[in-house]
Amino acid sequence: MMSAVVLLLSIGCVALFSGRKLIERIFINMNVSPFIKKGVAITCTLFICGYSFSQNLTLEDAVNIALKNSLDIQLAKNNVTVNDINNYIGIAGGLPVISGTATDAEQLSNINQKYADPKRDVEKRGVATNNLSGNIQASYLLFNGMRVVTTRKRLNELLNQSKEQLNSQVQNIIASVMTSYYDVIRQQNYIKTIDQSLVVSQQKLDIVKTQQAVGMANNADLFQAQVDYNTLLQSHQSQQLAIDQAKTELLRLLTLKADSVITISDTILVDHSLVLGTVLDNLPNNPDLRAAEDQVRINEFIVKETAAQRYPSLRLNGGYSFVYNSSAAGDTRLNNSYGPTIGVGVGVPIYNGSIYKRQQKIAEMNVNSAELSKDIIVRDYSANIIKTYQAYTSTLKQLETQRKNYELSKQLVDLILQKFQLHQATIIDVRTAQQSFELAGYSLINLSFSAKSAEIELKRVSNQLKP
């Protein structure tokens, strides 16, 4: 037992410091009892989970956790399961219907029977009688205007539609998680820019203090430098709040505890290879559009089902019945009959106030409405793709220019700071250069995030997001 405990602790330490892959290799090669293997597996899982959240959360981890924990996806899966259960020939009415009944009744009766021959007259009180009957009936639909076949096709389309809706939910969850994940990175990059500016403010404050010590700076410069530093410090604190709230939103999408501790160390890398024509060509693969096409077919099947009600229906009926009646007195003491029955039933709808005809017209209008809804999705998604692609390409072009501006702004801050130290620039010049640097940093981060968001949306609409 002690050896098992030591082994568990050793593997736990390896999990903490060496990572998941090394644990998997060790676990596969272990030649130990099943009990110890099970304990090792549990220990490894706990350590790995702790490592993932306390050290670093990758985008792949975030997406996988969201897909596993998402309540919306679980609801969509339940809908698929329900439609899968309903997709059955028995639900469509294509299987025989068999029913059975049985009755056994005891009765006390008063009998008073008069006949032409008075000797046959019967008058008794409290006569016991027994009525026993049972039957099994079976009915099989032979024809009803192909309604069963049409219903079965409609149920299959409902299943396909629910699968497309599930796929749409998966794509939406992935897109939301990715956008939220990169928003955390954006907020963290903001604070990095503030930190860099804080370093400059600290250097500026140190220079002013040094100059004041030798009588080359006044209190106004010192106060201004201190105010600038304190203002940036407040911005740093405010930005930390923004980071914490962005992480909380990400945890909500992952369906994890809102107070969980996660660390994200990543950068925003934009895919530059997207082409408008390719995205538009992949629009028919969008699950929302596919679900809309399924709805058109579903409504078309409903039209056929409704029209089938106006056709005659033919049923094959059969069964077996048993009747046993006995009486302690009376003219009939015993009546017993049993045997099979078989027959064919035909139902012909002649007139029902034109209900079926009107229902068919409504179903045809629903087909037209479904086609219009599909066309609206195509219209809106096509326009959204073009607008998003325009923003995507424009942002990529701005990114190149903004990177240069950002590098120039850093160089400008260094230059102005050197001049300030040599009394060739004022404290206002330093603050202005700092503000230019901060704005350039914020703009670069925002452009990167905007380009990434546009990329995510284009891939989502064209069903190209991968978990």
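Residues numbered from 1 in each chain as written. Predicted model: local features only at pLDDT ≥ 70, side-chain atom pairs only at ≥ 80, totals over all residues. Heavy atoms only, no water.

As annotated in an unreviewed UniProt entry, the protein chain carries the name TolC family protein and comes from Pinibacter soli. One UniProt comment on the protein chain, placed under Sequence similarities (unreviewed entry), says "Belongs to the outer membrane factor (OMF) (TC 1.B.17) family." The record held by UniProt for the protein chain lists under Subcellular location (unreviewed entry) the comment "Cell outer membrane". (UniProt positions renumbered as here; feature names shortened; annotations may be inferred.)

Visitor: Looking at this structure, I do not really get the overall build of the protein chain. What am I missing?
Guide: When helices and strands are tallied, the protein chain shows eleven helices and four strands. Burial status across the protein chain gives 36% buried among its 467 residues. (Helix = DSSP H or I, 4+ residues; strand = E, 2+ residues; numbered from the N terminus. Buried < 20%, exposed > 50% of the residue type's maximum accessible area, 1.4 Å probe, protein only.)

Visitor: What is the right way to look at the pattern of salt bridges in this model?
Guide: All told, the structure shown has 15 salt bridges when counted by the stated rule. Where Asp228 meets Lys204, a salt bridge forms, and the shortest distance between an N and an O atom there is 2.8 Å. One end of the pair, Asp228, is in helix 7 (residues 219-253); the other, Lys204, is in helix 6 (residues 147-213), with 24 residues separating them in the sequence. The shortest N-O distance in the salt bridge between Glu457 and Arg460 comes to 3.0 Å. (Salt bridge = Lys/Arg side-chain N within 4 Å of Asp/Glu carboxyl O.)

Visitor: What am I meant to see in the sheet that holds strand 2 (residues 122-143) here?
Guide: Backbone-to-backbone hydrogen bonds pair the strands of a sheet. The strands run either parallel or antiparallel. Spatial strand order, 1-2-3-4: four strands in an open sheet with antiparallel pairing. Each having just a single partner strand, strand 1 (97-113) and strand 4 (334-347) make up the two edges of the open sheet. With strand direction ignored, the average angle separating the axes of adjacent strands in the sheet is 15 degrees. Pairing analysis gives 16 bridges linking strand 1 to strand 2, with the strands arranged antiparallel. From the neighbouring strand, Thr101 faces strand 2, where its bridge partner is Asn135. (Pairing = 2+ DSSP bridges. Axes fitted to C-alpha atoms, helices over the stretch in contact; angles between N-to-C directions.)

Visitor: Help me understand the packing of aromatic side chains, please; the structure alone is not making it clear to me.
Guide: The relation between two aromatic rings is expressed through the spacing of the ring centres and the mutual angle of the planes. Evaluated as defined, the whole model comprises five aromatic pairs. Centroid distance Tyr190 to Tyr442: 5.4 Å. Interplanar angle 85 degrees. Geometry classified as edge-to-face. In this pair, Tyr190 sits in helix 6 while Tyr442 sits in helix 11 (residues 427-461), placing the two residues 252 residues apart along the sequence. What makes Tyr190 buried here is its relative accessible area of 11%. For the pair Tyr406 and Phe437, a centre-to-centre distance of 5.5 Å together with 25 degrees between the ring planes defines the contact as stacked. (Phe/Tyr/Trp six-rings, centres within 6.5 Å; stacked < 30°, edge-to-face > 60°.)

Visitor: Where do I start with the packing of helix 10 (residues 355-421) against helix 11 in this structure?
Guide: Relative placement of two packed helices is described by the angle separating their axes and the distance separating the axes. It is the contact of helix 10 with helix 11, at a shortest axis distance of 7 Å, that shows an interaxial angle of 155 degrees. In terms of their interaxial angle, helix 10 and helix 11 are classed as roughly antiparallel. Crossing hand, helix 10 versus helix 11: left-handed. When grouped by side-chain class, the residues that make up the contact of helix 10 with helix 11 number 23 nonpolar, 13 polar and six charged. (Parallel < 35°, antiparallel > 145°, perpendicular 65-115°, else oblique. Left-handed = near helix turned anticlockwise from the far one by under 90°. Nonpolar A, V, L, I, M, F, W, Y, C, P; charged D, E, K, R; others polar.)

Visitor: How should the side chain of Glu455 be read in this particular structure?
Guide: One can find Glu455 in helix 11. Those residues within four positions of Glu455 in sequence are excluded, and the remaining contacts are Leu269, Val270, Asp271, Leu274 and Tyr392. (Contact = heavy atoms within 4.5 Å.)

Visitor: What's the story with the side chain of Gln402 in this structure? I'm lost.
Guide: By the secondary structure assignment, Gln402 is in helix 10. The buried category is assigned to Gln402, whose relative accessible area is 12%.

Visitor: Where do I start with the packing of helix 6 against helix 11 in this structure?
Guide: Running from N to C, helix 6 and helix 11 point in directions that differ by 170 degrees, and their axes come no closer than 10 Å. Comparing their axes, helix 11 and helix 6 come out roughly antiparallel.

Visitor: How should helix 11 be read in this particular structure?
Guide: Note: α-helices contain 3.6 residues per turn, so residues at a spacing of three or four share the same orientation. Here helix 11 is 35 residues long and its end C-alpha atoms lie 51 Å apart, about the 51 Å a rise of 1.5 Å per residue gives. Note on helix 11: the residue one or two positions beyond its end, Asn463, has a positive phi of about 60 degrees. (Expected span 1.5 Å × (residues − 1).)

Visitor: What is the right way to look at the environment of Ala220 in this model?
Guide: Tracing the backbone shows Ala220 in helix 7. Remark: the alpha-carbon pair of Ala220 and Val208, spanning twelve residues in sequence, is separated by 10.0 Å.

Visitor: For this particular structure, what's the right way to read the nonpolar core?
Guide: Of all hydrophobic cores here, the largest spans 67 residues; its most connected members are Val177, Tyr182 and Leu250. Counting residues per element, the ones that place at least two in this core are helix 4 (59-69), helix 5 (71-86), helix 6, helix 7, helix 10 and helix 11. With 15 residues, the top contributor of residues to this core is helix 6. Once residues lying within four places of it in the same chain are set aside, the contact partners of Tyr182 are Leu59, Thr267, Ile268, Phe449, Lys452 and Ile456. (Core = buried A, V, L, I, M, F, W, Y, C linked by side-chain atoms within 4.5 Å.)

Visitor: Whenever I open this one, unusual backbone geometry confuses me. Can you help?
Guide: Glycine aside, the phi torsion of most residues is negative, and most peptide linkages are trans. Phi angles above zero are rare outside glycine, and Met146 is one such case at about 65 degrees. One can find Met146 in the loop between strand 2 and helix 6. Residue class for Met146 comes out partly exposed when judged on its relative accessible area of 49%. Although it is not a glycine, His423 adopts a positive phi angle of roughly 65 degrees. Residue placement: His423 occurs in the loop between helix 10 and helix 11. His423 sits in the partly exposed class, given a relative accessible area of 41%.

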